[in-house]
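One-letter residues, chain by chain:
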Amino acid sequence: MTSLAALVVLGVATATLPACAPNDPAPAFEAGSSASPTAPTSGQGEAPEARDGLGGPGASASPKPAEKVLAAGNPNGRASVPAEARAVDTSKPTRTVGTGTPASCTSAAVVKAVAAGGVITFNCGPAPVTIKMTATAKVRNANGPKVVLDGGGTVTLSGQGQRRILYMNTCDEAQGFTTSHCQNQDHPQLTVQNLTFADGNSTGDKAEGGGGGAIFVRGGRFKVVNSRFVRNRCDRTGPDLGGAAIRVLSQHENKPVYVVGSTFGGTAGQGGSCSNGGALSSIGVSWVVLNSVLSHNEAIGSGANPAKSGTPGGGSGGAIYCDGNEFTVRIAGTVIENNKANEGGGAVFFVSNNRTGTMKIESSTLRRNPSGKFETRGFPGIFFLGARNPTVTSSKLS
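## Looking at the sheet that holds strand S22 (residues 340-341)
Turning to step 1, where the next piece is worked out: One open sheet accounts for 3 strands, arranged S14-S18-S22; its pairing is parallel. The sheet is open, and its two edges are formed by strand S14 (273-274) and S22, each paired on a single side.
Turning to step 2, where the next piece is worked out: Relative to strand S18 (residues 298-299), S14 runs parallel, the two sharing 2 bridges. Residue Ser-273 lies in a different strand from S18, and its bridge partner there is Glu-298.

Here it is in structure tokens:
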């Protein structure tokens, strides 16, 4: 364990990401400062202060949450949801996919709407519908600043096991540059809500390090509300590469990605599978995961990071894989169970290379997340290298 941990410490390097303006100052960031115990404790965690950027309360709450068809997330989760993490009001959409029938809701219509930006809803008829994506929907960086996809609880976007479903990248010249500092800009602000993302697959796409079987995001801001992710895939091997469901890089000023009331996997056979991060993966990105479920996901690479001699690398973070320098992870009101990793962190793999990163687990349950070869003593299912041990309050780790 000591030699393997040392291998991970020495070899987990922050991925080098291209920047539009290399001389720009690093984005401001405040690491968590509360002391963390060396073993799980009990108490009540505080909700983070709301920040500007993704919409506020009132009008940004879902218009008719009681009528939502989609059942996602942890129904017993009681974590407070800050204003900017709530669903966006889509009662007055900018554009609508479909004209009232399933046949009118096509892949081409989704691709066109996402490229145009704005608040996007679906009118595919009253019954649940699956839209088989024949191309990846890509956000145009000049069209926004908000891009919202709201499936109303009845829409599934399927990659058919052949392609990534949704893509946003502020540093992709093909999608247009809108600032001189693409790696740290506050737009576009992408929200997906009341949607199911199924059978996305980014295998073979190694741009920006690969990963993101269902959704890939670099830059701007991103959040997920009341959505499901099932059977998504990315490359089976490779160090750092990850995120069968979601891969995120370079969020504006290190503000967090919010994942609220959502499910990744949920039942046997429905989880995501990738070299690392069977659900979520990032480099240098902070996360706040609230009232969600991550289960039956797997990190199937082998050889860890860096790849041991004779291996392709990977196999860490059954549900969540986080690497980089200054970032934080907060998990509250969430269940993470029955995930597995061939190497380390059956539930969560967290490596802050400069040891500034912190993690908090509040009112959550992490159980039955086997780590094939290594994890941090006293924190079952977690491999952690950061500023201090994770802070665990009112939670169960087993």
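Anyway, onward from the coordinates.
## Description of the state of the cysteines
Turning to step 1, where the next piece is worked out: Tallying each qualifying case throughout the model produces 3 disulfides.
Turning to step 2, where the next piece is worked out: Through a disulfide, Cys-105 is tied to Cys-124; the S-S separation comes to 1.9 Å. Between Cys-105 and Cys-124 the disulfide shows an S-S torsion of about -100°. By sign, it is left-handed. Residue Cys-105 is found in the loop between strand S1 (95-97) and helix H2 (107-116), and its partner Cys-124 is found in the loop between strand S2 (118-122) and strand S3 (129-132); the two are separated by 19 residues along the sequence. This pair shows no difference in class: Cys-105 is buried, exactly as Cys-124 is.
Turning to step 3, where the next piece is worked out: A disulfide bridge connects Cys-171 with Cys-182, and the sulfur atoms are separated by 2.1 Å. On the sign convention where negative is left-handed, the bridge of Cys-171 and Cys-182, at about 100° about the S-S bond, is right-handed. A residue pair is termed long-range when its members are at least 10 positions apart, and Cys-171 in the loop between strand S6 (166-169) and strand S7 (189-198) and Cys-182 in the loop between S6 and S7 qualify at 11 residues.
Turning to step 4, where the next piece is worked out: Residue Cys-171 is classed as buried on the basis of its relative accessible area of 13%.

## Some points on the environment of Ser-80
Turning to step 1, where the next piece is worked out: If you trace the backbone, Ser-80 turns up in the loop between helix H1 (2-11) and S1.
Turning to step 2, where the next piece is worked out: The spacing of Ser-80 and Ala-332 is 252 residues in sequence and 8.7 Å in space, taken between C-alpha atoms.

## With respect to unusual backbone geometry
Turning to step 1, where the next piece is worked out: In the segment running from Gly-144 into Pro-145, the intervening peptide bond is cis, with an omega of 0°.
Turning to step 2, where the next piece is worked out: Note that Pro-145 resides in the loop between strand S4 (137-138) and strand S5 (146-158).
Turning to step 3, where the next piece is worked out: Despite not being glycine, Glu-208 shows a phi value in the positive range, around 60°.
Turning to step 4, where the next piece is worked out: Even without being glycine, Asn-254 reaches a positive phi, approximately 60°.
Turning to step 5, where the next piece is worked out: Along the polypeptide, Asn-254 turns up in the loop between strand S11 (246-249) and strand S12 (257-260).
Turning to step 6, where the next piece is worked out: For Asn-254, a relative accessible area of 11% gives the class buried.

## Notes on the confidence of the model for the protein
Turning to step 1, where the next piece is worked out: Per-chain confidence: the protein averages 87 in pLDDT, with 83% of residues scoring 70 or above.
Turning to step 2, where the next piece is worked out: Taken as a whole, residues 1-53 scores under 50 in pLDDT and shows 113 contacts with residues more than four places along the chain or in a different chain.
Turning to step 3, where the next piece is worked out: Considering only residues more than four positions removed or in separate chains, one finds that residues 55-67, a stretch of pLDDT under 50, has 20 contacts.

## Re the environment of Thr-393
Turning to step 1, where the next piece is worked out: Mapped onto the elements of the fold, Thr-393 is located in strand S27 (residues 391-393).
Turning to step 2, where the next piece is worked out: Along the chain, Thr-393 and Glu-362 lie 31 residues apart, while their C-alpha atoms are 4.9 Å from each other.

Each value, and the rule that gives it
Residue numbering note: each chain is counted from 1, following its sequence as written. Residue-level local features of this predicted model are given only where pLDDT is at least 70; pairs of side-chain atoms are given and counted only at 80 or more, and the full residue set underlies all totals for whole chains, interfaces and linings. As a rule here, side-chain values cover all heavy atoms of the structure and leave hydrogens and water aside. At least two bridges found by DSSP between two strands is the condition for calling them paired. The secondary structure listing takes helices from DSSP runs of H or I that are at least 4 residues long and strands from runs of E that are at least 2 residues long, numbered from the N terminus. The disulfide criterion used throughout: a pair of cysteine sulfur atoms within 2.5 Å. Any residue under 20% of the maximum accessible area for its type is buried, any over 50% is exposed, and the rest in between are partly exposed; the area is computed with a 1.4 Å probe on protein chains only. pLDDT is defined as a per-residue confidence score from the predictor, taking values between 0 and 100. The contact definition used throughout considers only heavy atoms, calling two residues in contact when any of these lie within 4.5 Å.

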